[in-house]
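# Breakdown of the fold
Residues per chain are reported as follows:
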Amino acid sequence: MKPSIESLKEASREEFQRFGGKAANLGELCRADLPVPEGYVITTDVCRTFFQAAGIDACNTPADIRAKIVTTPLPPEIEAEILSAHLTHFTAGDRVAVRSSATTEDLSDASFAGQHETYYFVDSTTLLKFVRDCWASLFTDAAIAYRSAAGFAESPLMAVIVQRLIPSEVSGVVFTKDPLGDESLLVIESSWGMGAAIVDGRVTPDRFLVNRSDLTVRQQTIADKRHLVPANPSEKRLQPVPLSVRQRPTLSEPTIRRVASLALRCEVLFGGRQDVEWAMVDDQVYLLQSRPITTHVDGSGNDAPLEGRWVLFKPLAENFTEPLTPLTADVMAHICPPFGRFVDGWMYISLDFLRRIIPYRLSESELIDMALLREVPQKLRLRWLYLPIWLLILGGYYLLTGVFYARTRRLPPDFMSSFRRRAEAIRNNEKIDAHGAIKALVGSPSFFAPVGNMALQVNLIAGRYFLLLPALRSLLAKWCPSFPPEATELLTGAIDDVLSTEMSKDIRKLAGFARDDEIVKGLFRGERLENLNETLHHTPGAAAFVEGLNGFLSVHGHRAVKEFDLSTPRWHEDPTPVLGMIRNMVIADELPEVDPQKPRREALWAELHAQLKGARGWIVRYLIERIRYYTRLRENSRFYHIMLIDVLRSKVRAQEKALQAKGVLNCEDDIFYLYQREIDDLTTGALEWLEVEPRIRQRRQSHTRRARMRPPLLHGAEDQRYVLPADGSRMLGFGASPGVAEGRARVIMDPTTQNDLKPGEILVAPYTDPAWTPLFLCAGAAVVEVGSYLSHAGTIAREYGMPCVVDVNDCTRLIRTGDRVRVDASKGEVWILEGQ
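Below is a summary of the structure that appears in this document.

Conventions adopted
- Residues numbered from 1 in each chain as written.
- Predicted model: local features only at pLDDT ≥ 70, side-chain atom pairs only at ≥ 80, totals over all residues.
- Heavy atoms only, no water.
- Pairing = 2+ DSSP bridges.
- Helix = DSSP H or I, 4+ residues; strand = E, 2+ residues; numbered from the N terminus.
- Axes fitted to C-alpha atoms, helices over the stretch in contact; angles between N-to-C directions.
- Patch = residues over 30% accessible without salt bridge, like charges linked within 9 Å, V, L, I, M, F, W, Y side chains within 5 Å.
- Areas by Shrake-Rupley, 256 points an atom, 1.4 Å probe, with all protein chains shown as cover.
- Salt bridge = Lys/Arg side-chain N within 4 Å of Asp/Glu carboxyl O.
- Buried < 20%, exposed > 50% of the residue type's maximum accessible area, 1.4 Å probe, protein only.
- Contact = heavy atoms within 4.5 Å.

## A short note on the sheet that holds strand β7 (residues 185-192)
- The strand order across the open sheet formed by six strands is β9-β8-β7-β6-β12-β13, and the pairing between neighbours is antiparallel. Either end of the sheet is taken by a strand with one partner, and the two such strands are β9 (217-221) and β13 (284-292). Going from strand to strand, the sheet's axes swing by 20° on average, the running direction of each strand aside.
- As judged from the six bridges shared by β7 and strand β8 (residues 206-211), these two strands associate in the antiparallel manner. Residue pairing for β8: valine 187 is matched across the bridge by leucine 209.

So, in structure tokens, the structure goes:
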């Protein structure tokens, strides 16, 4: 008879049912001489014997089963066998990790990642308790839902791994196949401390895309790693990362090659692409797990099946590439129209609804193009039978909104300044919670309320200029055939009083001040970015600059990268991203020009006045003026309605502190992975921490997984617009600002930690929002993965008269920093002319 407890190196896939998936794979790694922490396995034979002795078959509910497992003492012979095996491998005081290894874990079609428990900092005095807790995790609601979704009818058994604890300085995961589908890459993610911070989704890790062929780094994104799970037991599971290392790379290139090489050895051993967990201490890399990369099975049941045809809502999605956190999506759902819906943190609108209300005959591709804000068809054909219905709908809509449309036709640039005062009053009113703030700042205003108090409503109606652009292009092509293709964008750009471009100018002024002050310039050139804010505030000679910075933050401090999400810190909380943009300009050879296209624009205006007289000139100038006005209105109203997000964040933060003080919420930022009703129940006592903790962990894990993937543009419909050539040298998108430019590419994934764009380089980005605007001052052109004509990238590029191509599928992966590229935005083409 085989022993019921065996050394980890004896575990094998041939005896999968005895060792479970995780232990079986680790045993294979041990015998292949790969670095695995030593340990032993309590096999499923022990689990089966204990379950029978405890009588769990008589329990009626999963909660009863869990209670029975954790409260039933182990039979004396099992207890003695486990403790004897433990003292054979370790001393009584050694710290170990107790890890699940169920018979359904780490399979080729179901990983059960994060569904079962792992416990750290265990010694011989607590070992038996945590073994039972591991077994009990088979019967959590999340694990049962996952088994059901994956098609497992019977309850599995669980082996338990006991391994030497690795006090990780750095830890992470490797995917030997890029989750986004690039077969030539593997992906390494890493962060400070123990791996639980990454596995539980509590930190955004550094991300390295590595070429499989030679293990060189193709692309890296260094994250702002705000938290870590410490390598020593402490009262707080999650601790803040010291400011000096938050934005420092966790891995050097030699270490990246070592980690990648070990992962590829795992792939060869198991004969398929692997998801490998690893940890590093004292420059030694250890492998903690290797399992097949699976298609994730989500048993959470949070989103009902999506029926019908749906299209991604680009005005929201084009502002960031990650899904909204659960609380943000929950809050946004309160103002979501009935034809909209949030799916996995992304907002979609109904294509079928759009088909019904649009009075034109559109092909499927034309409808999708309009819905994705790509372009309006050149020739619009009315559906005459629908015209009476559409006119009736339009008439009703005008009765409801016509007065508001009229009130917003001609407003001064500062008409919304009252919104700031209103937002600050609500922020400072402790009696108003997040619900009340939404109602006060977004809810239905009174008929006679000032337009300046309705930032969101103004933003929605300002997009009407999109319908005026085709008319202007058509008239210029007909009446001024000698004008270049980019004439429309040049004539409608360089708008005064656009707050996002004024922000760039203010940053440029701060950079100019820093360049002229030797003390401040020395700090920007010599101090690490993560320490710069504190150093500036403690340097007497920098007081004038700090005063200017504080003035900037008093106006623009509510902004941030990914500013639509409640979980994102604002610049007034952490100005490091702003200082990074300033430093980029300080160390440059010269400050970027504010309006490099001004001479061409002035020449076009002179030619326009010369060619068009009388009625024609009046019509064209009127269209230009209206487009410029509504462009400014849309950008500026967004500036103000983002204040709503800032106010809501402050309210949620206040709730978080109150719940932490009560002991019903443990870790910072956990609140963003709850729904508002759950927060309310925690506040009233209807829910407790032990009930919400597994929900938070599962949602964090799901959010991390979804953040690695692009959201589908469509559900229930197909988009034929993206077909890349096999060689990948030519990419297609949509021109949001015309023109042609050539230069070296600079791939920037996050301007918070990457802002080293040199003048004239081609900015390649996954998306942009106003926090990216200062980079446009330096860029020779922009290539953006997600966007539209109305997106921030397109609007700001037209302001600066620079070429911009948006919706360029996979551009941040196909283009490498240093590649020489040609951007022909007039044709929507991007060419890689010369590799790095």
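## A few points about a nonpolar patch on the surface
- Residues Leu391, Leu394 and Tyr397 make up a contiguous nonpolar surface patch of about 270 Å² in total accessible area.
- Along the chain, the position of leucine 394 falls in helix α13 (residues 387-407).
- Residue leucine 394 is classed as partly exposed on the basis of its relative accessible area of 37%.

## Comments concerning the pairing of strand β3 (residues 96-102)
- Where burial is concerned, most of β3 is hidden: seven out of the seven residues are buried.
- With burial as the criterion, each face of β3 is covered, one bearing Val96, Val98, Ser100 and Ala102 and the other bearing Ala97, Arg99 and Ser101.
- As defined by bridge partners, β3 adjoins strand β4 (residues 118-122) across three bridges and the pair is classed as antiparallel. Each residue of the ladder has a partner; that of arginine 99, found in β4, is threonine 118.
- Judged from the seven bridges that link them, β3 and strand β5 (residues 158-164) form a sheet pairing that is antiparallel. Among the inter-strand pairings, alanine 102 is bridged to a residue of β5, identified as methionine 158.

## As for the sheet that holds strand β2 (residues 39-42)
- With respect to topology, five strands assemble into an open sheet ordered β1-β2-β5-β3-β4, the strand pairing being antiparallel. Bordering the open sheet on either side are β1 (5-7) and β4, each of which pairs with just one other strand. With direction set aside, neighbouring strand axes in the sheet form an average angle of 20°.
- The strands that helix α2 (residues 44-54) touches are β1, β2 and β5; relative to β5, the one it contacts most, it runs at about 125°.

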